[in-house]
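Letter by letter, the chains look like this.
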Amino acid sequence: MTAMLNENPLINASDNVSSLILDHNKNVMSIFDATRNSLFENENDGFYNNHNSNNEDDDNKLPDAKHVDEFTASEVFEMIRSINDPEHPLTLEQLNVVSLENVKMDTCNPNHILINYTPTIPHCSMATLIGLSLRVKLLRSLPQRFKVSIAITPGTHQSEKEINKQLNDKERVAAALENYSLIKVVNQCIKTSLSV
């Protein structure tokens, strides 16, 4: 009887899908892992210590936690401009869903980014999926120190408050990314932005 169960392709397929989902969930949770080591931690601690130079200018060239690369709004826009729309074979930039003017860097905190996007129509059913695609692309592209706020441009969608709340709630985003069908669509939207 157990030999028949092991030969059953439905049971084996179910095991394969379960292992795929478990692997995916591990990847998703690593995105939201808030505890991370220092940005410049070096496994080879003696690398800079073995430096045999008395020149003080060389010491100023060493990486320092105070010297972190800054991002500009145009660099962030370059990351999201080529994301595909879920319904159309066009990019979000081509559909005027995202634009450089709607990517704002916080002047008080350079690690905070606000992105407004404009759905193509006021009752767009894909508005949440577009926002999720933006969030996932930036989660995968930006260093972890950044806080990204994504919102629908005010007055451009009938459910903007509800969608904005969903897109900026870490737990809701994490739950959405555990849905295999949903993450498959998001990856398809982001796919073109990886080749550019």
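What you are looking at is a predicted structure, and each value in this text was computed from that prediction instead of being measured.

Reading the values: rules and limits
Residues numbered from 1 in each chain as written. Predicted model: local features only at pLDDT ≥ 70, side-chain atom pairs only at ≥ 80, totals over all residues. Heavy atoms only, no water. Helix = DSSP H or I, 4+ residues; strand = E, 2+ residues; numbered from the N terminus. Buried < 20%, exposed > 50% of the residue type's maximum accessible area, 1.4 Å probe, protein only. Contact = heavy atoms within 4.5 Å. Pairing = 2+ DSSP bridges. Axes fitted to C-alpha atoms, helices over the stretch in contact; angles between N-to-C directions. Right-handed = clockwise from strand over helix to strand, strands pointing away. Core = buried A, V, L, I, M, F, W, Y, C linked by side-chain atoms within 4.5 Å. Left-handed = near helix turned anticlockwise from the far one by under 90°. Nonpolar A, V, L, I, M, F, W, Y, C, P; charged D, E, K, R; others polar. Parallel < 35°, antiparallel > 145°, perpendicular 65-115°, else oblique. pLDDT = per-residue confidence, 0-100. Expected span 1.5 Å × (residues − 1).

Regarding the overall build of the chain
Part 1 of the argument: The secondary structure content of the chain amounts to 8 helices and 3 strands.
Part 2 of the argument: Traced from its N-terminal end to its C-terminal end, the chain shows the element sequence α-α-α-α-β-β-α-β-α-α-α.
Part 3 of the argument: Looking at the chain residue by residue over its 196 residues, the buried ones come to 30%.
Part 4 of the argument: Sequence-distant contacts in the chain: of pairs separated by 6 or more residues, those separated by 24 or more amount to 64%.

Remarks on the sheet that holds strand 3 (residues 147-152)
Part 1 of the argument: Read from one edge to the other, the open sheet built from 3 strands follows the order 1-2-3, with strand pairing classed as mixed. Only two strands of the sheet have a single neighbouring strand rather than two, namely strand 1 (103-105) and strand 3. When strand polarity is set aside, the average angle formed by the axes of neighbouring strands in this sheet is 20 degrees.
Part 2 of the argument: Sheet topology places strand 1 next to strand 2 (residues 112-117); 3 bridges connect them, and they run antiparallel. Looking across to strand 2, one finds that K104 is bridged to L114.
Part 3 of the argument: Sitting on the sheet, helix 4 (residues 73-80) is in contact with strand 1 and strand 2, with an inclination near 140 degrees to strand 1.
Part 4 of the argument: Relative to the sheet, helix 5 (residues 127-141) contacts strand 2 and strand 3, its axis offset from that of strand 3 by approximately 165 degrees.

Some thoughts on the pairing of strand 3
Part 1 of the argument: Summarising burial for strand 3: 5 of the 6 residues are buried, a large majority.
Part 2 of the argument: For strand 2 and strand 3, the ladder comprises 6 bridges, and the chain directions are parallel. Note on strand 3: the bridge partner recorded for I115 is I150.
Part 3 of the argument: Handedness of the β-α-β unit built from strand 2, helix 5 and strand 3 comes out right-handed.

Some details on the nonpolar core
Part 1 of the argument: With 34 residues, the main nonpolar core has I80, Y117 and L134 as its most contacted residues.
Part 2 of the argument: Those elements that place two or more of their residues in this core are helix 4, strand 2, helix 5, strand 3, helix 6 (160-167), helix 7 (170-177) and helix 8 (180-195).
Part 3 of the argument: Looking at this core, the element that brings in the most residues is helix 5, giving 7 residues.

Quick notes on the packing of helix 4 against helix 5
Part 1 of the argument: Two elements in contact, helix 4 and helix 5, have axes separated by 10 Å at closest approach and are oriented at 115 degrees. As helix 4 runs across helix 5, the sense of the crossing is right-handed. Contacts between helix 4 and helix 5 involve V76, M79 and I80 from the first element and L134, K137, L138 and S141 from the second.
Part 2 of the argument: A breakdown of the residues in the contact of helix 4 with helix 5 according to their chemical character gives 5 nonpolar, 1 polar and 1 charged.

Observations concerning the packing of helix 5 against helix 7
Part 1 of the argument: The geometry of helix 5 relative to helix 7 is characterised by a closest axis approach of 12 Å and an angle of 95 degrees between their N-to-C directions. In terms of orientation, helix 5 and helix 7 fall into the roughly perpendicular class. Taking contact as the criterion, the partners of L132, R135 and V136 in helix 5 are, on helix 7, V173, A176 and L177.
Part 2 of the argument: Of the residues assigned to the contact of helix 5 with helix 7, the class counts are 5 nonpolar, no polar and 1 charged.

Things to note about the confidence of the model for the chain
Part 1 of the argument: Residues of the chain with pLDDT of at least 70 account for 63%, and the chain-wide mean is 77.
Part 2 of the argument: Here residues 8-14 is modelled with pLDDT under 50, and outside its nearest four sequence neighbours on either side it reaches 2 contacts, counting other chains as well.
Part 3 of the argument: For the stretch residues 31-53, pLDDT sits under 50, and the model shows 24 contacts to residues farther than four places along the chain or on other chains.

Things to note about helix 5
Part 1 of the argument: For helix 5, spanning 15 residues, the distance from its first C-alpha to its last is 21 Å, which sits close to the expected 21 Å at 1.5 Å a residue.
Part 2 of the argument: Of all 15 residues in helix 5, 11 are buried, a share of seventy percent or more.
Part 3 of the argument: Restricting attention to buried positions, one finds in helix 5 the residues A127, L129, I130, G131, L132, S133, L134, R135, V136, K137 and L138.

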